[in-house]
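# Examination of the molecular architecture
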Amino acid sequence: MIVTSALIIWKALMCITGSESPVVVVLSGSMEPGFKRGDILFLHMSKDPIRAGEIVVFNVDGREIPIVHRVIKVHERQDTGEVDVLTKGDNNYGDDRLLYAQGQLWLQRHHIMGRAVGFLPYVGWVTIIMTEKPIIKYILIGALGLLVITSKD
């Protein structure tokens, strides 16, 4: 019942925000001081054009984990009208071209999962700890399982 409710809420958030992942955790310090490792970001993806200065979450071909960085340059193609963007972490020295797929110089709209519209500081540390120290995840799952088995309802 709890899992089903969580999935329904997640799917509803996906529809409302227009993003395949409406909530993400910042996993590195590349966006400090604005966003710190462990902050949770809320995403929204609208049809509005992406502008320089916006913080976006994007996927790169060949990488599983999305990246949270700021758009530093927008390039509109004259022939198609499509917009390409270049990103950079606020705490990084150079742009993200080294993070993109080999030979890729710009991100297209399909790479972008959403724009950051809000955040909760430090709440994502739970996810980071459970990912980096799997034993804690197994202990927590075991404790919850034990609670379910022993609870009298």
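Residues numbered from 1 in each chain as written. Predicted model: local features only at pLDDT ≥ 70, side-chain atom pairs only at ≥ 80, totals over all residues. Heavy atoms only, no water.

The protein goes by Signal peptidase complex catalytic subunit SEC11 in an unreviewed UniProt entry, where it is assigned to Punica granatum. One UniProt comment on the protein, placed under Function (unreviewed entry), says "Catalytic component of the signal peptidase complex (SPC) which catalyzes the cleavage of N-terminal signal sequences from nascent proteins as they are translocated into the lumen of the endoplasmic reticulum. Specifically cleaves N-terminal signal peptides that contain a hydrophobic alpha-helix (h-region) shorter than 18-20 amino acids." Its UniProt record, at the heading Catalytic activity (unreviewed entry), says of the protein: "Cleavage of hydrophobic, N-terminal signal or leader sequences from secreted and periplasmic proteins." (UniProt positions renumbered as here; feature names shortened; annotations may be inferred.)

Turning to the pattern of salt bridges, a few remarks are in order. Counted under the stated rule, the structure contains 5 salt bridges. One salt bridge connects Arg37 with Glu132, and the closest N-O pair in it is separated by 2.2 Å. Taken together, the positions of Arg37 in the loop between strand E1 (23-25) and strand E2 (40-44) and Glu132 in helix H2 (residues 125-132) put the pair 95 residues apart, joining distant regions of the chain. Of the residues examined, Arg37 reaches a relative accessible area of 25% and is grouped as partly exposed. When its relative accessible area of 48% is taken as the criterion, Glu132 is described as partly exposed. Across the pair Arg115 and Glu54 runs a salt bridge, and its minimum N-O distance is 3.1 Å. Within this pair, whereas Arg115 is found in strand E6 (residues 112-120), its partner Glu54 is found in the loop between E2 and strand E3 (55-58), the two being separated by 61 residues in sequence. On the accessibility criterion, Arg115 (7% relative accessible area) is buried. A cluster of three or more residues bridged by salt bridges with shared partners is formed by Arg77, Glu82 and Asp84. (Salt bridge = Lys/Arg side-chain N within 4 Å of Asp/Glu carboxyl O. Helix = DSSP H or I, 4+ residues; strand = E, 2+ residues; numbered from the N terminus. Buried < 20%, exposed > 50% of the residue type's maximum accessible area, 1.4 Å probe, protein only.)

Segmentation of the protein into domains returns domain 1 (1-121) and domain 2 (124-152). Inter-centroid distance (C-alpha atoms) of domain 1 to domain 2 is 29 Å. Between domain 1 and domain 2, the buried area comes to about 460 Å², and carbon and sulfur atoms account for 58% of it. If you sort the residues of domain 1 by the area they bury against domain 2, Val25, Arg37 and Gly38 come out on top, with a joint share of 83%. Inspection of the domain 1/domain 2 interface yields 1 salt bridge. Our count for the contact surface shared by domain 1 and domain 2 stands at 3 residue pairs in polar contact (both at pLDDT 80 or more). Split by residue class, the side of domain 1 that touches domain 2 holds 4 nonpolar, 1 polar and 1 charged. (Domains from an automatic or database assignment. Buried area = accessible area lost by both parts, 1.4 Å probe. Polar contact = N/O pair within 3.5 Å; in protein donor to acceptor, adjacent residues only side chain to side chain. Nonpolar A, V, L, I, M, F, W, Y, C, P; charged D, E, K, R; others polar.)

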